[in-house]
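# What the coordinates show
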Amino acid sequence: MRRAVYWIGALLLIIALIVLIFGAAAFIEEHHWPFSQIWGGFLLLLFALVLLILRRQGAFSSGMTTPGKAVPVRPKNYRQIALYAVSQAASPVVLMNRKRVEDFSEAGPVTQKGIRGCRDFEILDGANSILGFHDHPDEMWVAESYVAIAEHCAAQGWMKIEGPAT
């Protein structure tokens, strides 16, 4: 809902700016101002505004780091996988919807339900990706350099390794 309101507001702002420019066109022409330069400046500012909005919304990337080669997996117990990966990392960083998470308790967001409802999920060891997904947990991957974590989780029945690293 909040995202829809944001986009409607942005669209209304853009329409208001266009109406303002065309409404002021007669005034600008009447005073012999260089209309082409003003219009060009407006289009440049409009392009910069749209670019800023798209970049802020994450339209150019999912916000996730690329692990290089990744092993596709099918998770079953998201919470246990996440907790094991965190326990194996030297300096773990958990990102849920691009926000850092510090609370790994049952009351925190790193639960079966919390991870399932997440759009972007990633666990890093410092700056190196361990595992993550974008859109849905069924698209989870484990970085090739952390395949031992995937093998342990598969042995525990928490996930299924679906193929070799790609």
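What you see is a predicted model; the values in this text were computed from it and never measured. (Residues numbered from 1 in each chain as written. Predicted model: local features only at pLDDT ≥ 70, side-chain atom pairs only at ≥ 80, totals over all residues. Heavy atoms only, no water.)

The subject of this paragraph is the overall build of the protein. The secondary structure content of the protein amounts to five helices and seven strands. Each helix and strand of the protein, ordered N terminal to C terminal, gives the series α-α-β-α-β-β-α-β-β-β-α-β. Every one of the 166 residues in the protein was classed for burial, and the buried ones make up 33%. Sequence-distant contacts, at least 24 apart, represent 61% of the contacts inside the protein between residues at least 6 apart. Of the accessible surface of the protein, which amounts to about 10,400 Å², a share of 62% is contributed by carbon and sulfur atoms. (Helix = DSSP H or I, 4+ residues; strand = E, 2+ residues; numbered from the N terminus. Buried < 20%, exposed > 50% of the residue type's maximum accessible area, 1.4 Å probe, protein only. Contact = heavy atoms within 4.5 Å. Areas by Shrake-Rupley, 256 points an atom, 1.4 Å probe, with all protein chains shown as cover.)

With that settled, consider helix 5 (residues 147–156). Where helix 5 is concerned, the buried positions are Ile149, Ala150 and Cys153. Seen from one end, helix 5 has its buried residues packed into an arc of 100°, which puts them on one side. Across from the buried face of helix 5, at angles greater than 90 degrees, the exposed residues are Ala148 and Ala155. (Arc of directions from axis to C-beta.)

Along the polypeptide, Leu17 turns up in helix 1 (residues 2–30). Judged by its relative accessible area of 30%, Leu17 is partly exposed. Once the C-alpha coordinates of Leu17 and Leu46 are considered, the two residues, 29 residues apart in sequence, prove to be 8.9 Å apart.

Okay, the packing of aromatic side chains next. By the definition in use, this model includes three aromatic pairs. Centre to centre, the rings of Phe121 and Phe133 are 5.6 Å apart; their planes meet at 25°, and the pair counts as stacked. In this pair, Phe121 is assigned in strand 4 (residues 120–125) and Phe133 in strand 5 (residues 128–134), connecting sequence segments 12 residues apart. Given a relative accessible area of 1%, Phe121 falls into the buried group. (Phe/Tyr/Trp six-rings, centres within 6.5 Å; stacked < 30°, edge-to-face > 60°.)

Any functional reading would require information that these geometric values do not contain.
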